[in-house]
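# Structure at a glance
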Amino acid sequence: MKIHPRKIYDLLLEKSSHSNATVQEIILGLTWTFCRSEGMGLCMSPGQPNRTLSWSGTLVGQAIADLAPWVRSWDSYQATIGMAVINSVINSTSPLLQQAQPLSSQGSANLAVFEHFLPLIRGKRVVIIGRYPGLSQYEQEADITVLERQPISQDLPDTACEYLLPEADWVFLTATSIANKTFPRLVELSQQAQLVLMGPTTPWLPELADMGINYLAGVKVTDTDALRQTIAEGGGTRIFDVGVQYCVLELYKIPL
């Protein structure tokens, strides 16, 4: 299935366009970006330093309709803000999150998604986009290949996606791919696989099934104050211990 590159961005803007709210707070944390408007929205921060963000100090009070289109920007910081703003609208009211299965974990809470899917991926060809902290424990139990922009040890560079994703049985795709604009191509390459869109950046939208997404593995906010403080203090995986919980939903099982 051919995925039009702009389809996901058109969808996000359409689904957030009904909001008349304004942004109440933006925190551009070391690992996560946090937006508070109608609800709370997250996006992974770009990860590279920048000392010249000309719009710093001007975002609070701006309309959702003015900042949401930033998700289309090729500027990584603007795209991150746009995605967090959109998620603050979509995820605060999405009925999908109410239907999703909350995940508990015997180990690290940030790896609960992989623990949940482990019985299904044993013996399968699995590709994971991004090196998740602590992931190595599951590499001993399943045939996992990690694609990473900055590969370490046995990781492969992200350019290997063209070769590996069409042959994979399962693909775990970080929703940060939406903000960095790799989402359309990675989804197109993964059409033969069971495709899991995952991470705190995930928008809870049923229409993602039309793009070939089989599962959403996003988060629900469990403690807004703790989440906000942890992000502001540079928290990464710790948000899964204090402020959010992973939830999973198989999209084709959504009641009509």
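Residue indices begin from 1 for each chain and proceed along its sequence in written order. Where totals are concerned, whole chains, interfaces and linings use all residues; where local detail is concerned, this predicted model gives features only for residues with pLDDT of at least 70, and gives and counts side-chain atom pairs only at 80 or more. With hydrogens and water stripped out, all remaining heavy atoms of the structure feed into the side-chain values.

## Here we look at the domain arrangement of the protein chain
Just so we agree on the cut-off: In this document the domain limits rely on a domain assignment from an automatic tool or a database. Working rule for contacts: check all heavy atoms of both residues, and any pair within 4.5 Å makes them a contact. Joining two parts hides part of their accessible area as seen by a 1.4 Å probe, and the buried area is that hidden amount summed over both.
Per the domain assignment, the segments making up the protein chain are domain 1 (6–96) and domain 2 (99–222 + 239–250). On a C-alpha basis, the centroid separation for the pair domain 1 and domain 2 is 22 Å. At the junction of the two partners, domain 1 supplies 23 residues and domain 2 supplies 27 residues. Surface buried jointly by domain 1 and domain 2 totals about 2,100 Å² across both partners, of which 73% is contributed by carbon and sulfur atoms.

## A closer look at helix α3 (residues 76–93)
We count it as follows: Helix and strand definitions here come from DSSP, where helices need a minimum of 4 consecutive H or I residues and strands a minimum of 2 consecutive E residues; each element is numbered from the N-terminal end. In this analysis, the expected span of each helix is defined as 1.5 Å times one less than the number of residues it contains. Relative accessibility decides the category of a residue: with a 1.4 Å probe and only protein chains considered, values under 20% of the type maximum give buried, values over 50% give exposed, and everything between is partly exposed. Distance and chemistry together define a polar contact, namely a pair of N or O atoms within 3.5 Å, with one atom able to donate a hydrogen and the other to accept it when in protein, and with adjacent residues in sequence counting only for side-chain atoms on both sides.
The first and last C-alpha atoms of α3 sit 26 Å apart over 18 residues, in line with the 26 Å expected at 1.5 Å per residue. Burial within α3 is extensive, with 14 of its 18 residues counted as buried. The N-cap of α3, judged by a side-chain oxygen 3.0 Å from the amide nitrogen of Tyr77 a few residues on, is Asp75.

## Details of the environment of Glu233
Its location among the elements puts Glu233 in the loop between α10 (224–232) and α11 (239–242). Put simply, Glu233 and Asp155 are 78 residues apart on the chain and 29 Å apart in space, counted from C-alpha to C-alpha.

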